[in-house]
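Spelled out, the chains give:
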Amino acid sequence: MGNTYDRLKRYSAEHNLISSGDGIVIALSGGADSVFLLYALANLREEWNLALCAVHVDHGIRGKEAGEDAEYCRQIAERLSVEFRLFEKDIPRMAAQQKISTEEAGRNYRYECLEQVRKELEYEWIAVAHHRDDQAETVLWQMLRGSGIHGLGGMRPKRGCIIRPLLFLERAEIETALQENGIVWREDSTNRENEYTRNKLRNEVFPYLERELQSSARRHLANLSEDMQMVWEYIEKQTKDCSERIADRQATEDAEVWSVSVQSLSEEEPILRSQLILYIMGELSGSRKDIGRVHVESVLSLLGGESGRRVDLPYGMQAGRDYDRLWFCRKKTAGGVKKEQSGSWEQVADLNEPVEFRNSLGEYCEVTMHSVPACELSSEMPKNLCTKWFDYDKINADMLGMPKENRDKKKEGSVRNLLRWRFSGEGDYLYLGGSGGKKKLARIFIDEKIPGDRRDCIPVLAMGSHILWIPELGRTSAAYYVTDNTNNVLVAQLMCKSPTKEKGGTS
């Protein structure tokens, strides 16, 4: 076995699988591949200063035969002075309860047990004995089920804390090495049954392919997986770079929203368009399982569609196009803003009393207002979005001109019941400078290309339906511009704290 051990050491070093002093939990079924893995790591234990524990799972399917397998595994672990753990579970019952296949239930439970032991022992790795023949079966199945580039890469040598030190070996090499060293193994009788997908591939499909079409089918598919892993690594890097260049991510307490310019996305190569969409959906949902070509195509269809279109996606996600932006978010939100807040907020505007609110972009804002004699202010009007001046005399005059039932007696230092903070609503308007006249707020939103989902979540300072200030847009009504005739000025100052916003989605 010396030559095989040397190859295993080189493979482990090449893929950074095992380091000196590591603790490893070994999945031990009793079959040839897992027995070979146990012996290999046990024989390398002293050289690498490894801590080992073998874990066997009885699936509650094969009765006496399963019990014999468990006893065999316990004995060889004891012979090699390796700690041993046994788990038992009625997997058919578990599968029925969870409404999944027995194959999937068994796999899920095995990894659950392995991870439980790894955490308990505080070990670094879980070693499983997949080999090149397993890899070929995986690649063919991924191909048949319509997997993308990542799926065609098959199993990786390392995924999280799971390592596969035998992926470089063919099953025939493993069996030969065991036989030459007089090591026996157990054969699972269910491996001869074609109830499970992998068994059908192993027992029927590959023998046919190798007999009738290509004798090296398994080897070629295993080689393809290695090529596709390199292709995927390159595409993944390009996708992340693309995300950094053109995608924006905003996270608030209620939602996470990604957006990208329609033009920028359209200018990317087709492969990057699709991969960026997959990447964003994966980041939003935390998983790419059940996200496929059909979902990518539905998002791509938005590029040539009209503003306002929406598509539903897995995991409660939604994507849409608003003017020149394509956005992605959780389905419970629209454009990243909770619809429940629309029209539900109103607060009187008192002088010297800060008002706090959150705008439609998720930014937390605070506005303070105070009155100042015009002669005490600079003659130069502020030209930034955060400080606005209004003619306080005109505001008060309009208040006095309002019907009595719509106002209270004027109070010193207050504009209570005259100005209110609220969300924008139907019929709102403001006056434009010059000869612009009165303009409906809805029209302003359209001209500013504000998505429809955000419009009724935009805070405004209003007197009835007359909008004095839209902080989010920096727009004010010309009706209250400060002029040379203004004696007193209402000064409003805005401060906003942006939600978590990152380029390319790095948390």
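Structure: see above.
Just so you know, these numbers come straight off a predicted model, no measurement behind them. (Residues numbered from 1 in each chain as written. Predicted model: local features only at pLDDT ≥ 70, side-chain atom pairs only at ≥ 80, totals over all residues. Heavy atoms only, no water.)

Chemist: Help me out: how do you make sense of the packing of helix α6 (residues 132-144) against helix α9 (residues 197-213) in this one?
Modeler: Between two packed helices, what matters for the description is the angle formed by their axes and the separation of those axes. Direction vectors running N to C along α6 and α9 enclose 95 degrees, while the axes themselves pass 10 Å from each other. Taken together, the axes of α6 and α9 lie roughly perpendicular to each other. Contacts from D134, A136, E137, T138, L140 and W141 in α6 reach T197, R198, L201, R202, V205, F206 and L209 in α9. Grouping the constituent residues of the contact of α6 with α9 by class yields 7 nonpolar, 2 polar and 4 charged. (Axes fitted to C-alpha atoms, helices over the stretch in contact; angles between N-to-C directions. Helix = DSSP H or I, 4+ residues; strand = E, 2+ residues; numbered from the N terminus. Parallel < 35°, antiparallel > 145°, perpendicular 65-115°, else oblique. Contact = heavy atoms within 4.5 Å. Nonpolar A, V, L, I, M, F, W, Y, C, P; charged D, E, K, R; others polar.)

Chemist: Help me out: how do you make sense of the packing of helix α2 (residues 32-48) against helix α8 (residues 171-180) in this one?
Modeler: Where α2 meets α8, the closest approach of the two axes is 10 Å, and the angle between their N-to-C directions is 60 degrees. What the angle tells us is that α2 and α8 run oblique. The crossing of α2 and α8 is left-handed. Touching A32, D33, V35 and F36 of α2 are R171, I174, E175, A177 and L178, all from α8. Of the residues in the contact of α2 with α8, the class split is 6 nonpolar, no polar and 3 charged. (Left-handed = near helix turned anticlockwise from the far one by under 90°.)

Chemist: Would you mind going over α2 with me for this structure?
Modeler: The periodicity of an α-helix, 3.6 residues per turn, causes residues three or four positions apart to be oriented the same way. The end-to-end C-alpha distance of α2, which contains 17 residues, comes to 23 Å, matching closely the 24 Å that a straight helix rising 1.5 Å per residue would cover. The largest bend in α2 is about 25 degrees, located at A42. Burial runs high along α2: 13 of the 17 residues are buried. A positive phi of about 55 degrees marks N49, the residue just after α2. (Expected span 1.5 Å × (residues − 1). Bend = angle between axes of the 7 residues up to and from the residue. Buried < 20%, exposed > 50% of the residue type's maximum accessible area, 1.4 Å probe, protein only.)

Chemist: So what exactly am I meant to see when it comes to the environment of G305 here?
Modeler: Within the secondary structure, G305 is located in the loop between α13 (293-300) and β9 (310-313). Look at G305 and you get buried, because its relative accessible area is 17%. In this structure, the C-alpha to C-alpha distance between G305 and Y323, residues 18 residues apart in sequence, is 9.9 Å.

Chemist: How should the pattern of salt bridges be read in this particular structure?
Modeler: Taken as a whole and judged by the stated rule, the model has 30 salt bridges. Residues D447 and R443 are paired through a salt bridge, measuring 3.4 Å at the closest nitrogen-oxygen approach. Pair noted here: D447 and R443 are both in helix α15 (residues 441-447), with a separation of 4 residues, about one helical turn. A single network of salt bridges, built from pairs that share partners, joins D134, E137, R198, R202, E210 and R218. (Salt bridge = Lys/Arg side-chain N within 4 Å of Asp/Glu carboxyl O.)

Chemist: Explanation requested: the packing of aromatic side chains in the structure shown.
Modeler: Each pair of aromatic rings is reported with the distance of its centres and the angle of its planes. Using the criterion set out here, one finds 6 aromatic pairs in the structure. Here the aromatic rings of F357 and W421 are separated by 5.3 Å at their centres, their planes lie at 35 degrees, and the arrangement is tilted. Separated by 64 residues along the polypeptide, F357 in strand β13 (residues 355-358) and W421 in strand β16 (residues 420-423) bring together distant segments of the chain. One exposure class covers both F357 and W421, and it is buried. An angle of 90 degrees between the planes, with centres 5.9 Å apart, marks the rings of Y429 and Y431 as edge-to-face. Of the residues examined, Y431 reaches a relative accessible area of 33% and is grouped as partly exposed. (Phe/Tyr/Trp six-rings, centres within 6.5 Å; stacked < 30°, edge-to-face > 60°.)

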